[in-house]
Amino acid sequence: MASIPFVSEIEFDYEEVAHVSPLIQRVIANNPGAFTYTGTGVYIIGDKECAILDPGPLTETHFDALKKVLEGRTLKYVFVTHSHMDHSPLAHPLAEWAGCEVYAGGPAIPTESDVRLEAGDDLSFQPHHTIVDGQTFSGDGWTIEAVATPGHTSNHFCFVLKEENALFSGDHIMGWSTTVISPPDGNMGDYFNSLEKIRARDYSTIWPTHGPPVTDTKPFVEAYISHRRKREEAIIARLDAGDTTIPQMVKTIYKDVDKRLHPAACHSVLAHMIHLVETERAIASSQVHNLKTEYRSASVSV
Ligand SMILES: [Zn+2]
């Protein structure tokens, strides 16, 4: 597998504001975990007149921390990258408190999987405004552009801070880990396209919601794409070798990976398989359908 130059070092204090660039401040919520790494990184953009991105979980401590950071300032926009529980639940309470509105790619689409691969859907999430690709927003000294990046979820958006050529990548690209593509809402074909979209632009910094920023962005995004392509090639090789079930493929492809993670790996292979079928590189038969059923009955928590 191509290796991704992951970055994992991050210095911070929970629920304390840090000035991480001239126009960006960050507060990390105290919700560390398997899917959130050290926690949700909430970005505040601008000075007196500001915007906030992914307010994070709805806890009193976290809400209080953000209120403190925003005291005496005007919050103009609340942006949400996607409707997962570690990103969006505080969006509406915060917007209501500040007297502004919530902007995102759309409401949550529930997933049907039994396997826990993500922080979970914020099913009640519904933005005041559904944004579109290329839409811009501005405040005193800053301009933000919305970039549609479906894949991790169908409603996923990244946001660009034009003045710093910086991309807020949500869960689309993370410095510390690859991202989970969980069908049916997660879509591998869309994900590949959204990665290519980011590769085509040359951002100076990528600020993911979880973990530290990526500063050497081009090689990082290229390695991220190549990792997925290599995985796809490995799956095609297993199909050529005659494997007929996803668990069979996983056993070989992920032989060096902890067996407890194999159900999650099955889900990722399923996402690739759906993409291979959609691009007519594999054929969907009733057997493939059975694989889904067989896989979905697996239950494990990772
Ligand atoms: Zn997510």
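What you see is a predicted model; the values in this text were computed from it and never measured. (Residues numbered from 1 in each chain as written. Predicted model: local features only at pLDDT ≥ 70, side-chain atom pairs only at ≥ 80, totals over all residues. Heavy atoms only, no water.)

Quick word on the overall build of the protein chain
Rules: Strands are runs of DSSP state E lasting at least two residues, helices are runs of H or I lasting at least four, and both sets are numbered from the N terminus onward. We compute the radius of gyration over the C-alpha atoms and compare it with the globule rule, which gives 2.2 Å times the number of residues raised to the power 0.38. For every residue, the accessible area obtained with a 1.4 Å probe (protein chains only) is divided by the maximum for its type, and the residue is called buried under 20%, exposed over 50%, and partly exposed between those limits. Only heavy atoms matter for contacts: two residues are in contact if any of them lie within 4.5 Å across the pair. For the area figures, the Shrake-Rupley method with a 1.4 Å probe applies, and any residue is considered shielded solely by the protein chains shown. For the purpose of charge, His is not counted, nor are the chain termini; Lys and Arg are scored as positive and Asp and Glu as negative. One atom stands in for each charge, and that atom is NZ of Lys, CZ of Arg, CG of Asp or CD of Glu.
In terms of helices and strands, the protein chain carries 7 helices and 12 strands. Against the 2.2 N^0.38 benchmark of 19 Å for 302 residues, the protein chain shows a C-alpha radius of gyration of 19 Å, consistent with a compact globule. Across its three principal directions, the C-alpha atoms of the protein chain cover 65 × 35 × 35 Å. Evaluated residue by residue, the protein chain yields a buried proportion of 53% over its 302 residues. Put simply, of all contacts in the protein chain between residues at least 6 apart along the chain, 64% involve residues at least 24 apart. Summed over its atoms, the accessible surface of the protein chain is roughly 13,000 Å², and 50% of this surface lies on carbon and sulfur atoms. Each charge sign in the protein chain was given a centre, from 24 positive and 40 negative side chains, and these centres are 6 Å apart.

Details of the domain arrangement of the protein chain
How we decide: Domain start and stop points were drawn from an automatic or database domain assignment.
Each domain of the protein chain was delimited in the assignment, giving domain 1 (18-226) and domain 2 (228-300). Summarising the inter-unit geometry, the C-alpha centres of domain 1 and domain 2 are found 29 Å apart.

Observations concerning the coordination of the zinc ion
Here is the rule: Donor atoms are limited to N, O and S found within 2.8 Å of the metal ion, a distance that becomes 3.2 Å for Na, K and Ca. With water left out, some sites might look partial. In this scheme the shape depends on donor count and angles: four donors with every angle between 85 and 135 degrees give tetrahedral, four or six donors with opposite pairs above 155 degrees and others between 65 and 115 give square planar or octahedral in turn, and any other case is irregular.
Looking at the zinc ion, the protein donor atoms are His-82 (NE2), His-84 (ND1), His-152 (NE2) and Asp-171 (OD), and they sit 2.2 to 2.3 Å from it. Given 4 donor atoms and angles of 87 to 175 degrees at the metal, the environment of the zinc ion is assigned as irregular. Ordering the donors of the zinc ion by residue number gives the pattern H-x1-H-x67-H-x18-D. In this pair, the class of His-82 matches that of His-84, namely buried.

Some points on the environment of Val-20
Residue position: Val-20 is located in the loop between strand E1 (17-19) and strand E2 (24-28). For the pair formed by Val-20 and Ile-253, sequence separation is 233 residues and the distance between their alpha carbons is 39 Å. When neighbours within four sequence positions are excluded, Val-20 is seen to be in contact with Gln-25, Arg-26 and Trp-207.

So, the pattern of salt bridges
Defined as follows: What makes a salt bridge here is a side-chain nitrogen of Lys or Arg within 4 Å of a carboxyl oxygen of Asp or Glu, nothing more.
Inspection of the entire model under this criterion finds 9 salt bridges. Measuring nitrogen to oxygen at the nearest pair gives 3.7 Å for the salt bridge that ties Arg-229 to Glu-232. Within this pair, Arg-229 and its partner Glu-232 are both found in helix H4 (residues 217-240), separated by 3 residues, close to a single helical turn. Residue class for Arg-229 comes out partly exposed when judged on its relative accessible area of 31%. Across the pair Arg-260 and Asp-258 runs a salt bridge whose closest N-O atoms are separated by 2.6 Å. Members of the salt-bridge network, linked through shared partners, are Glu-145, Lys-162 and Arg-201.

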